[in-house]
Amino acid sequence: MVKKMHLGWFMNFSRSTAWTSPWVLESEAREWMNGDYHIDWVRSMERAGFDYAMLEDSSMVADGYGGSMEVDLKHSLYAPKGDPLSIAPVLAKATEHIGIISTASTSFYPPFLLARAIATIDHISGGRAGWNIVTSSEDRAAQNFNLDKLYEHDTRYEMADEFVEVAEKLWSSWDADAVVMDRATGTYVDHNKVRPIDHVGEYFKVRGPLNVPRPPQGRPVYCQAGGSPRGRQFAAAHADTIISAAQGIEDMREFRDDIRRRMIDLGRDPDSCKVMFITTPVLGNTEAEAKERWEAMLHPTQAGVDVALGHMGALTEIDFTQIDADKPFPELTTNGHRTTLEKFLKLGKTPREAAGKWAIRYTDPTFVGTPEKVAAEMSRVFDEVGGDGFLIAAGGSRRGITEITDGLVGALQQLGRTRTSYNHAHLRDNLMEF
Ligand SMILES: Cc1cc2nc3c(=O)[nH]c(=O)nc-3n(C[C@H](O)[C@H](O)[C@H](O)COP(=O)(O)O)c2cc1C
């Protein structure tokens, strides 16, 4: 029997309808915030047996490109973007099996508010909620939360560790059987089964208890994406699933092996965390058609270059308008996304070349071809890396979504590589099934 792979989708509650595409209705490009498009999207994923939809997030309008918000807003890069915690229950109610993971930052949320919101979504979804634990990386976002700039990189992870500790205390502040509904005594909740947590730590002070019963999964599924040594250690300590942008089979294998080693050192079973590699498959009816689409993507317009450099500028706080796009990169460093900048610099000799690949969320190995060929390639890479699955970053229109969910996943199912139905009610149980 071949080993099965897990599938997630890197989703955003944003203009993902790629409004200029000929495959997108004008009305939908305008009104995506009513949630209908995202409901259809997540239902398609569920039809294909995806483990989860991961709703990414940030909380700012970026202005790192030439000191103006123009590129961000013109190309709807960071904004507009709806709140993941608000759309998550809507998506949960429109589906029955798929997990819904919401991104939320430990640098900005108070632990009580977030623990309550995620517990509520876990109840609403019947145990299918997840939390993508991020520490955030932009000063512009920090300035929306009483701060002038972000806390220092490793301090953010120290805070995140304590944040998770507090959230777990809050979720456990209700015993699983606290709701007794005893008609004889007229008791709804037995107060002996609910306790304050009285947490006083270095960063947070929370009395508790939570005002929501223990979530169905006990705690939500934890997703994480740290790439630095400190980030990896945090992920290895907590995550049920890690999403990674490792480039190339070597890098992917090194990343997964490193995480597994760290988990063993921490006393965790390495199979209790699924590492998913982000990828943007390029599909076509024929090899030639897929290649043609890929070639077109590699030569973006000036708008595509602006978008990629604007995006990179927001993550690294480097103003790329000050750098010649057609000359070799100068020496660059950042206090923001260090690993992301390093990867970007490796994509090409000049900003324009690198932007061309970044513009399509360039991933290596690149899967280009018919659904059958891409499914076979993904299976080969999966076997070489050792597991655990892929995080799809694609779509933009119903056509793009269907190519993945019905075309590519159809072919993966034929190979016995992905699930054809769900066997468990909870996200964590589906994730740990294989
Ligand atoms: C696939 C993937 C998805 C991510 N999604 C988000 C996100 O939605 N919001 C966010 O603030 N950061 C996101 N990040 C950034 C990570 O949380 C993290 O800050 C980054 O990988 C740098 O890791 P480091 O802090 O350990 O260096 C994502 C990273 C990756 C690789």
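This section reports on the structure supplied with the text. (Residues numbered from 1 in each chain as written. Predicted model: local features only at pLDDT ≥ 70, side-chain atom pairs only at ≥ 80, totals over all residues. Heavy atoms only, no water.)

## Examining the pattern of salt bridges
Then step 1. Counted under the stated rule, the structure contains 30 salt bridges.
Then step 2. In this structure, Arg 262 engages Asp 258 in a salt bridge whose closest nitrogen and oxygen atoms are separated by 2.9 Å. On the criterion of helical spacing, the pair formed by Arg 262 and Asp 258 is a turn pair, its members being four residues apart in helix α9 (residues 248-265).
Then step 3. Close ionic contact of Asp 383 with Arg 417 constitutes a salt bridge, the shortest N to O distance being 2.7 Å. Highlighted residues: Asp 383 in helix α14 (residues 371-385) and Arg 417 in the loop between α15 (398-414) and α16 (427-432), separated in sequence by 34 residues.
Then step 4. We classify Asp 383 as partly exposed; its relative accessible area is 44%.
Then step 5. Among the residues examined, Arg 417 registers a relative accessible area of 7% and is labelled buried. (Salt bridge = Lys/Arg side-chain N within 4 Å of Asp/Glu carboxyl O. Helix = DSSP H or I, 4+ residues; strand = E, 2+ residues; numbered from the N terminus. Buried < 20%, exposed > 50% of the residue type's maximum accessible area, 1.4 Å probe, protein only.)

## Re unusual backbone geometry
Then step 1. In this chain, Ala 79 is followed by Pro 80 through a cis amide linkage whose omega measures 0°.
Then step 2. For Pro 80, the location among the structural elements is in the loop between α3 (70-74) and α4 (84-93).
Then step 3. Here Gly 387 and Asp 388 are connected by a cis peptide whose omega angle stands at -10°.
Then step 4. Positionally, Asp 388 belongs in the loop between α14 and β14 (389-392).
Then step 5. Residues other than glycine seldom take positive phi values, yet Ser 76 does so here, at roughly 40°.
Then step 6. Within the fold, Ser 76 resides in the loop between α3 and α4.
Then step 7. Owing to a relative accessible area of 10%, Ser 76 belongs among the buried residues under this scheme.
Then step 8. Phi at Asn 146 is positive, roughly 65°, even though this residue is not glycine.

## Topic: the packing of helix α2 (residues 36-47) against α15
Then step 1. Following both chains from N to C, one finds α2 and α15 inclined at 15°, their axes separated by 9 Å at the closest point. By the angle between their directions, the pair α2 and α15 is classed as roughly parallel. Classified by chirality, the crossing of α15 by α2 is right-handed. Here Tyr 37, Asp 40, Trp 41, Ser 44, Met 45 and Arg 47 of α2 lie close against α15, whose contacting residues are Arg 398, Ile 401, Thr 405 and Asp 406. (Axes fitted to C-alpha atoms, helices over the stretch in contact; angles between N-to-C directions. Parallel < 35°, antiparallel > 145°, perpendicular 65-115°, else oblique. Left-handed = near helix turned anticlockwise from the far one by under 90°. Contact = heavy atoms within 4.5 Å.)

## Section: the site of the ligand
Then step 1. In the region of the ligand, 17 residues are neighbours, and Asp 57, His 153, Tyr 157, Ala 225 and Ser 228 sit closest.
Then step 2. Here an oxygen atom of the ligand and a side-chain polar atom of Ser 228 are 2.6 Å apart.
Then step 3. Relative to its free-state accessible area of 620 Å², the ligand is covered by the protein chains to the extent of 89%.
Then step 4. Here the residues of the shell around the ligand sort into seven nonpolar, eight polar and two charged. (Near = heavy atom within 4 Å. Polar contact = N/O pair within 3.5 Å; in protein donor to acceptor, adjacent residues only side chain to side chain. Areas by Shrake-Rupley, 256 points an atom, 1.4 Å probe, with all protein chains shown as cover. Nonpolar A, V, L, I, M, F, W, Y, C, P; charged D, E, K, R; others polar.)

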